[in-house]
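Commentary on secondary and tertiary structure
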Amino acid sequence: TYRTWPTSVGGWTSWYAFRDKVTEQDIRGTADVMAERLRPFGYDVLQIDDGFQRLPISVPDNWLNTNEKFPGGLSGLQSYIAGKGLTPGLWTNTTFHDSTWAFAHPNYFVRGADGKPSRGNWVGYVMDGANPATMRDLVLPVYAALKQQGWKYFKVDALRPLRYEGVNSHAEFYAQRKLDRVKVYRDFSQQIRDVIGRDAFMLASWGPRPELAGIIDATRLGDDGFGYGGFAQFNSFNNVVWRNDPDHIELHQSDGRRAATLTTLTGSLLMLTDKPSVYVN
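Summary of the structure given here.

Rules used in this analysis
- Throughout, residues of each chain are indexed from 1 in the direction in which the sequence is written.
- Where local features are concerned, this predicted model is filtered to residues with pLDDT of at least 70; where side-chain atom pairs are given and counted, the filter is 80 or more; whole-chain, interface and lining totals use all residues.
- Computation of side-chain values covers all heavy atoms of the structure but excludes hydrogens and water.
- Helix and strand assignments follow DSSP, with helices taken as H or I runs no shorter than four residues and strands as E runs no shorter than two, numbered in order from the N terminus.
- Atoms considered for the radius of gyration are the C-alpha atoms alone. The globule rule reads 2.2 Å times the number of residues to the power 0.38.
- For the exposure calls, accessible area comes from a 1.4 Å probe over protein chains only, and a residue counts as buried if that area is under 20% of its type's maximum, exposed if over 50%, partly exposed in between.
- Residue contacts are defined here by distance: any two heavy atoms, one from each residue, within 4.5 Å place the two residues in contact.
- We call two N or O atoms a polar contact when they sit within 3.5 Å, provided that within protein one can donate a hydrogen and the other can accept it, with sequence-adjacent residues counted only if both atoms are side-chain atoms.
- For salt bridges, the criterion is a side-chain nitrogen of Lys or Arg within 4 Å of an Asp or Glu carboxyl oxygen.

Our next topic: the overall build of the chain. Along its length, the chain carries 12 helices and 10 strands. Over its C-alpha atoms the chain spans a radius of gyration of 19 Å, differing by no more than 12% from the 19 Å that the globule rule assigns to 281 residues. With respect to the three principal axes, the spread of C-alpha positions in the chain is 60 × 45 × 30 Å. The buried share of the chain, taken over its 281 residues, is 54%.

With that settled, consider the environment of D32. By the secondary structure assignment, D32 is in helix α2 (residues 24-38). Here the alpha-carbon distance between D32 and G115, two residues 83 residues apart in the chain, equals 51 Å. In this structure D32 touches Y80 and K84, once residues within four positions along its chain are discounted. Of note is the side chain of D32, whose polar atom sits 2.6 Å from the side chain of Y80.

Turning to the pattern of salt bridges, a few remarks are in order. Evaluated as defined, the whole model comprises 12 salt bridges. A salt bridge links D137 to R136, with the shortest nitrogen-to-oxygen separation between them at 2.8 Å. Look at D137 and you get partly exposed, because its relative accessible area is 26%. Under the relative-accessibility criterion, R136 is labelled exposed at 53%.

Attention now moves to unusual backbone geometry. Note that the residue after L55, namely P56, is joined by a cis bond; omega there is 0 degrees. As for its position among the elements, P56 is in the loop between β2 (45-48) and α3 (60-64). The omega torsion across S205 and W206 is 5 degrees, close enough to zero to call that bond cis. Here W206 lies in the loop between β7 (201-204) and β8 (218-220). Look at A158: it is not a glycine, yet its phi comes out positive at around 65 degrees. Looking at the element boundaries, A158 is found in the loop between β6 (153-157) and α7 (159-167). Here N239, not a glycine, exhibits a phi torsion of approximately 65 degrees, which is positive. In this structure, N239 sits in the loop between α10 (229-233) and β9 (243-245).

If you want it as structure tokens, here you go:
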């Protein structure tokens, strides 16, 4: 009842190149190099990863108003990337880590028997996707604003811990409300998809989640770091259920060419992550 993403997807992500120390100048410099050296070979996505947002990860303002390393803001950076003929991409995250805000607004979160917001490993204070106010005020405004700015590629991180440490670990919270946990989880992701539209690429991270079939365009197969095992384990899913993402490829590593070749031959998501000087030399 749905089509997988119809074209190949390749590009560059900032994570292994710069980690969370990435700056606006790093991205602009990489965009310059990509436009000249990589785009002719089909690498046209430039995805900024963790490091642009204000901390703690929490309310929409901290996502949409960048930190001091990105003085020009997201809108200006999107325009610069797109102006180079590249597809602007951005990392987002389904976690919440501002304890002061969470305890001041407990109804937005999954709550324990004491009525206080509950925490989950990797996911922080668990946002309650079954509460329309949570989606309206904490989650969807981020994606609506980014969509309006022109971002076309969205990496939505921490969806696996949202399922396990978030929803599953708080089964009683949903059982008391007679809510289907799988539906709550799927609806959380579906609402993000509805906001960004089908013309934007949606990568779920990390680990395959069958509940998201038909919603996402790709899923990362494992933890951080390129992995070969996922190609065999999930090959039957690739370009049938979603696009497989074996994670970032570092061409400067000894197996860089082998990793890129395997990813290309299988039609998987191919994202490089070297510092731009690697592509110049």
